[in-house]
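Per-entry structural report
Listed here are the chains, written in short residue letters.
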Amino acid sequence: MVFKIAARLQLPPPAKIVKIEDIASQEEIDKAIRTRRIEGKHVIPVPSLEVKRSYPNIFFDAIRILKRRKISSTQSEHDKVPAGIGLVPVLHEKSLVRPVYSKHGRVIISEIALIHLVTHCVDEYNKEIKIKKLHVKNAEMGYRLIITIDVPYGIQLGGMHEMQQYIIDTIERYTGILIEEVNIIIDKVSE
């Protein structure tokens, strides 16, 4: 793809190709894909100052990552780093941008439809959990849910975190809307 782009722009072919897998972990790649798909934002490895100056209309936020880099004894001589220091902190800055095409609209859903989706997710997760109350808030970047439930005696309460994540993942996967948070209130443990 990069060769086609260079040819169409009448540029010389790239001298070096760096694969994303060489500079980012699989977890970082998955998170970037999710952010791009759900929120329409892209993380690019460019300092925020450069993006703000050239493209202020698409700049969203800056991300600063502090990593420790190993240094060999030969590197420390060249870099004027005292010998014996094995790790040196290195600050990387990336920019979070929202391209113009992603600003043209936002996926919205009616409150009743979202309530039905959440009810279905809870029922799918565990048929014995009963929803007493469900409150939906339309927030700046997505929706916030407050779910009040009754759980039968014997249900592992630690599983509520898994249910939260299940609701978020399912709704985001099938609707494309962003769920900012899901708060679960256990009102009663019944027998």
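Above this note sits the structure.
Numbering of residues starts from 1 in each chain and follows the order in which that chain's sequence is written. Thresholds applied to this predicted model are a pLDDT of at least 70 for local features of residues and 80 or more for the giving and counting of side-chain atom pairs; totals over whole chains, interfaces and linings are not thresholded and use all residues. Each side-chain value is worked out from all heavy atoms of the structure, with water and hydrogens disregarded.

Comments concerning the overall build of the chain
A run of H or I in DSSP becomes a helix once it reaches four residues, and a run of E becomes a strand once it reaches two; helices and strands are each numbered from the N terminus. In terms of regular secondary structure, the chain is built from seven helices and six strands. Three exposure classes are used, based on accessible area relative to the maximum for each residue type with a 1.4 Å probe and protein chains only: buried under 20%, partly exposed in between, and exposed over 50%. Looking at the chain residue by residue over its 191 residues, the buried ones come to 28%. Once local pairs closer than 6 in sequence are excluded, the contacts in the chain between residues at least 24 apart make up 62%. Throughout, a contact is declared for two residues whenever any of their heavy atoms are within 4.5 Å.

A look at helix 6 (residues 111-125)
Given the number of residues in a helix, its expected span is that number minus one, multiplied by 1.5 Å. Compared with the 21 Å implied by 1.5 Å per residue over 15 residues, the 21 Å span of helix 6 between its first and last C-alpha is a close match. All of the buried residues along helix 6 are Leu 114, Val 118, Cys 121 and Val 122. Down the axis of helix 6, the buried side of the element spans an arc of 95°, and every buried residue falls inside it. In helix 6, those exposed residues whose orientation departs by more than 90 degrees from the buried face are Ile 112 and His 116. Within this analysis, the arc is defined by the directions that extend from the helix axis to the C-beta atoms.

Details of the packing of aromatic side chains
Under the pairing criterion, centres of Phe, Tyr and Trp rings, with the six-membered ring standing for Trp, must be within 6.5 Å; the plane angle then separates stacked pairs below 30 degrees from edge-to-face pairs above 60, leaving the rest tilted. Applying the stated criterion to the full structure yields one aromatic pair. Consider the rings of Tyr 125 and Tyr 166, whose centres lie 5.9 Å apart with planes at 45°: the pair is tilted. Taken together, the residues Tyr 125 in helix 6 and Tyr 166 in helix 7 (residues 159-175) connect sequence positions 41 residues apart. Take Tyr 166: its relative accessible area is 28%, and that puts it in the partly exposed class.

Considering unusual backbone geometry
The phi dihedral of Gln 10 is positive, around 55°, even though this residue is not glycine. Structurally, Gln 10 can be placed in the loop between helix 1 (2-8) and helix 2 (20-23).

Some words on the pairing of strand 4 (residues 130-138)
In terms of strand pairing, strand 4 meets strand 5 (residues 143-152) through eight bridges, oriented antiparallel. Pairing of His 135 across the sheet is with Ile 146, part of strand 5. Counting the residues that bridge the hairpin from strand 4 to strand 5 gives four residues. The pairing criterion is simple: DSSP has to find at least two bridges between the two strands.

Remarks on the pairing of strand 6 (residues 179-190)
Strand direction decides the pairing type here: strand 5 and strand 6, joined by ten bridges, are parallel. Following the sheet pairing, Ile 146 is matched in strand 6 by Asn 183. Taking the sense of rotation as the criterion, the β-α-β connection linking strand 5, helix 7 and strand 6 turns out right-handed. With strands facing away from the observer, any crossover in which the path from the first strand over the helix to the second runs clockwise is taken as right-handed.

Comments concerning the pattern of salt bridges
Only one rule defines a salt bridge in this text: a Lys or Arg side-chain nitrogen within 4 Å of an Asp or Glu carboxyl oxygen. A complete count under the given rule lists three salt bridges for this structure. With its nearest N and O atoms 2.4 Å apart, the salt bridge here joins Lys 132 to Asp 187. Separated by 55 residues along the polypeptide, Lys 132 in strand 4 and Asp 187 in strand 6 bring together distant segments of the chain. With relative accessibility at 47%, the residue Lys 132 sits in the partly exposed group.

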